[in-house]
Each structure stands twice: as C-alpha cells, then as structure tokens.
Amino acid sequence: MKLGIVGLPNVGKSTLFNAITKAGAEAANYPFCTIEPNVGVVTVPDERIKTLHEVYNSKKTIYTTIEFSDIAGLVKGASKGEGLGNKFLSHIREVAAIVHVVRCFQDDNIVHVDGKVDPIADIETINMELILSDMEILERRIAKTQKNLKGDKSLQKDLDILKKVHDFIGAGQSARAMDLDEEESDFVDSLDLLSYKPIIYVANVSEDQISDDAIESNEMVKDLRKFAESEDAEVVVISAGIEAEIAELDDEEKAMFLEELGVSSSGLDKLIKASYKLLDLISFLTAGEDEVRAWTIKDGTKAPQAAGKIHTDFEKGFIRAETIAYDKLMECEGKLSVAKEKGWIRSEGKDYVVKDGDVMNFLFNV
C-alpha cells in the first residue's frame, strides 16, 4: 500500500513525513524543498500481533506496512509546467491513495505560498491542477474513442461515460465526487485519473489546538470536514509538530504524553486507520511458534485468495481453512486445544469470506 503525501509548499508535509516515518526527509521554510519524493515504510501497529507473540513465544513477528511518499509541494499552474509541474503529477499517478495535508493554523513565522491561510482555497488549488491534467487525458481518450466508434459501435457506452466525466470535472469538481454505478466506476478506475484517486485530507493544526475539545472548535477544521463530505472523503486532524515529538518517545512515554494532551490516539494511528478504511482493507493473522504475522487483504476476499497472499501454491491447492476469530482465541488464552473443545475452530471452504482478525491455518495440496 503506497500513499502519496501532497500539499502546497510549507503546509507541514515534510515535517509530518519525517515524524511518521523517521526517514529524515528535509523540511525547510521555502517552496520546493522536496523535489524527488522521499519514501518511508511504516509498520502498521497491531496489538493482536504483540499478544499472539506473547502467547506463542514466536521466533518472529511480522507486521504489515504502509509506504508513504513525500511528494513535492505543488503550486498553481503545475498542470502547465509551473513549479515542478508534470514531475509532481507523475509521482501522484504512482500511488494508491492521496494524503492531502492542509494547513489549519496561523503562524506569521511560516510563510504561506499564497500569502494567507485558507484551507479550502489550498485544496481547490491542488484539486484544480489534478482536474486540468485529467481533462487533457479525457480529451485525448474521447477523440480516440470517437474515431474508433466508426468501426465499433459498442464503444458508444465508453464514449458516453468519458463525456459524462469530462463534463463533471469541467465544472471544477473532482472525479471522486461523482455518483457512478459499478460498471461506470470500474471503467473510470481504468482511466487512472488523478482526481479519482481516493483521498484523505489531513488537517495540520498547531500544537496548542490538538486536544479533542480544541479540534471541535477549530473553524478551519469544520470547513475542511464540510468540504470532505462532498467527496465522501476522510479527514484526519494531526499536529505535525506533536507527531515529531511523539516519534522520539517509547510506547509508555507516548501514551502518557497523549493523555496529557487530551488526545485519544496519535496522528499516525488515526492516519493508518483512515487509510485502511479508505482503501477497504482488513488484516487476517497467522500464528505459531515460528512466526506470528499480519496479512493485508481487500475486504471481501475469499479464503483461497487470502491463502494465495501467503504463497501461490496455497491458493492453487487450497483444500480448506481452519479459522477462529482473534477475540474467541483470546477467550481461550490462545490455546487451540481449548478452542477445539469448545467447537470454536471452524473449517471453512472456498466460498468463505475472510473477516478482519481471523486467525487462519490453510490446508492445501499441490
């Protein structure tokens, strides 16, 4: 899973990236500090893995990961080559989802590229550049489809959808805000439009505005949430400065620090949770003395395909999956023998849809 962190210059992108990945990307108070995207891989926190490790005394524990890419700050005119232009847009094209950092704090010591802090205007600046890039793609595709339509009338449906999307984003709205049926959605997804990519808006607030109570009274955050609703997008509120401090603490110190701030969880934890929800992802678990591991799959994945995540042979020769919900296993203190006595270990076949937290053992024959 690769997420691209974007935003106007000096909104806190690189500071946030440094904090959540500890990758040491350069962060400075001038535009285009980031040119080539910095990449950092973050372990997805999962208490279930830690607990299963303690139960099985496993030799290894393997968590799932998310890759964050810190993409250069964008300015108006990028689609026409301003700033880093097409290089910026090509970097966005490579990611599964966009994390759009928006400045929601006032600070005279940190310059804003447009001279004033206005979260919605900032969003519209970037969204418009993505839309303009998409318009060019759609116009070329429409012209090609119209030409081919003379010899293949079945392309009329494609042409209708292309024109529908072109008209919609031509009115200044991102493609992700469209109401599409499943067939239309699959087709638009194949176009690889930038403004159709799933998005999380990150409201970067000041260090004294990070408590849950302060967030609820922040007018900029309220405006951002209202805007995000129109795109059915997630909003995560983070203080990049606080995240930088948290990054230096161990788990116990981190918990105490967050409690003092009146914050329920770290920004990174909130961002990861929102990312999984946005991309419709879940994790199943495998456990034993050799290894305890989390595996990320799409929600709705069936057992053979989940097995294939571990090894293609597991999917090809799938017989069945022995499955128990993590919570049920913990009720048995992790003892499979007790779970079997209670009848809680299920034997699931090829049509079983894997649930988040399923602890699984796959039987296969190749």
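The structure presented is a predicted model; accordingly, all values stated were derived computationally and were not measured.

Rules of the game
Residues numbered from 1 in each chain as written. Predicted model: local features only at pLDDT ≥ 70, side-chain atom pairs only at ≥ 80, totals over all residues. Heavy atoms only, no water. Salt bridge = Lys/Arg side-chain N within 4 Å of Asp/Glu carboxyl O. Helix = DSSP H or I, 4+ residues; strand = E, 2+ residues; numbered from the N terminus. Buried < 20%, exposed > 50% of the residue type's maximum accessible area, 1.4 Å probe, protein only. Axes fitted to C-alpha atoms, helices over the stretch in contact; angles between N-to-C directions. Parallel < 35°, antiparallel > 145°, perpendicular 65-115°, else oblique. Contact = heavy atoms within 4.5 Å. Nonpolar A, V, L, I, M, F, W, Y, C, P; charged D, E, K, R; others polar. Pairing = 2+ DSSP bridges. Patch = residues over 30% accessible without salt bridge, like charges linked within 9 Å, V, L, I, M, F, W, Y side chains within 5 Å. Areas by Shrake-Rupley, 256 points an atom, 1.4 Å probe, with all protein chains shown as cover. Lys, Arg positive; Asp, Glu negative; His and termini not counted. Charge placed at Lys NZ, Arg CZ, Asp CG, Glu CD. Arc of directions from axis to C-beta. Polar contact = N/O pair within 3.5 Å; in protein donor to acceptor, adjacent residues only side chain to side chain. pLDDT = per-residue confidence, 0-100.

**Student:** Now, about the pattern of salt bridges: what can you tell me, with residues and values included?
**Tutor:** Here the structure, examined in full by the defined rule, presents 18 salt bridges. Salt-bridge contacts for K302 lead to D351; the nearest nitrogen and oxygen are separated by 3.8 Å. Here D351 lies in the loop between β11 (346-348) and β12 (358-364) and K302 lies in the loop between β9 (291-298) and α12 (303-310), a separation of 49 residues in the sequence. Judged by its relative accessible area of 35%, K302 is partly exposed. Judged by its relative accessible area of 64%, D351 falls in the exposed class. A salt bridge links E348 to R346; the nearest nitrogen and oxygen atoms lie 2.8 Å apart. Accessibility expressed as a relative area gives 17% for E348, which makes it buried.

**Student:** Talk me through the packing of helix α5 (residues 156-170) against helix α6 (residues 182-190); I want residue IDs and the actual numbers.
**Tutor:** Orientation of α5 relative to α6, taken along the N-to-C sense of each, is 75°, at an axis distance of 11 Å. Taken together, the axis directions place α5 and α6 in an arrangement best described as roughly perpendicular. Of the residues in α6, those touching α5 at K157, D158, I161, L162, K164 and V165 are E183, E184, F187 and V188. For the contact of α5 with α6, a count of residues per class yields 5 nonpolar, no polar and 5 charged.

**Student:** Please provide a residue-by-residue account of the pairing of strand β5 (residues 97-103), values included.
**Tutor:** Counted residue by residue, β5 has 7 buried out of 7 residues, so it is predominantly covered. Two elements, strand β1 (residues 2-6) and β5, share 4 bridges in a ladder whose sense is parallel. Residue L3 lies in a different strand from β5, and its bridge partner there is A97. With 6 bridges joining them, β5 and strand β6 (residues 199-204) adopt parallel strand pairing.

**Student:** Provide a residue-level description of the sheet that holds β1, including the pertinent values.
**Tutor:** Paired through backbone hydrogen bonds, the strands of a sheet run either parallel or antiparallel to each other. As summarised here, the arrangement of the 6 strands in space is β2-β4-β1-β5-β6-β7, forming an open sheet in which the pairing is mixed. In this open sheet, the two edge strands, each paired with only one partner strand, are β2 (38-43) and β7 (234-238). Sheet twist, expressed as the average angle between the axes of neighbouring strands with direction ignored, equals 25°. Set on the sheet, helix α1 (residues 13-21) makes contact with β1, β2, β4 (65-70), β5, β6 and β7; between it and β4 the angle comes to about 155°.

**Student:** How would you sum up a negative patch on the surface? Please name residues and give values.
**Tutor:** A contiguous patch of negative charge, built from E47, E54, D250, D251, E252 and E253, is present on the exposed surface. Broken down by secondary-structure element, the contributors of at least two residues to the negative patch are α2 (47-56) and α10 (251-261). In this structure, D250 sits in the loop between α9 (240-246) and α10.

**Student:** How would you sum up α2? Please name residues and give values.
**Tutor:** Those residues of α2 not exposed but buried are R48, I49, L52 and Y56. Along the long axis of α2, the arc covered by the buried residues comes to 95°, so they all point the same way. In α2, the exposed residues that point more than 90 degrees away from the buried face are E47 and E54. Along its buried surface, α2 packs onto β3 (60-62), β8 (281-287), β9, α14 (326-331) and α15 (336-342). Two or three places before R48, at the opening of α2, D46 has a side-chain oxygen 3.0 Å from that residue's backbone nitrogen. Positioned one or two residues after α2, N57 has a phi angle of 50°, which is positive.

**Student:** How would you sum up the confidence of the model for the protein chain? Please name residues and give values.
**Tutor:** Detail in the predicted coordinates should be disregarded across regions flagged by low pLDDT. Put simply, the protein chain has an average pLDDT of 85, and 89% of its residues get 70 or more. Counting interchain partners and residues more than four positions distant, the pLDDT-below-50 stretch residues 24-35 has 34 contacts. Note that residues 81-85 has pLDDT below 50 and, in this model, 10 contacts with residues that lie over four places away or in other chains.

**Student:** Outline the packing of helix α4 (residues 119-149) against helix α8 (residues 219-230), supporting the account with residue identities and numerical values.
**Tutor:** Following both chains from N to C, one finds α4 and α8 inclined at 40°, their axes separated by 9 Å at the closest point. Regarding the angle of α4 to α8, the classification is oblique. Here P119, I120, I123 and N127 of α4 lie close against α8, whose contacting residues are M220, D223, L224 and F227. Its residues placed into classes, the contact of α4 with α8 shows 6 nonpolar, 1 polar and 1 charged.

**Student:** Tell me about unusual backbone geometry, and please be specific about residues and values.
**Tutor:** Phi at N57 takes a positive value of approximately 50°, unusual for a residue other than glycine. The residue N57 is located in the loop between α2 and β3 in this model. Since its relative accessible area comes to 63%, N57 is described here as exposed. One non-glycine residue, D232, adopts positive backbone phi at about 55°. The residue D232 is located in the loop between α8 and β7 in this model.

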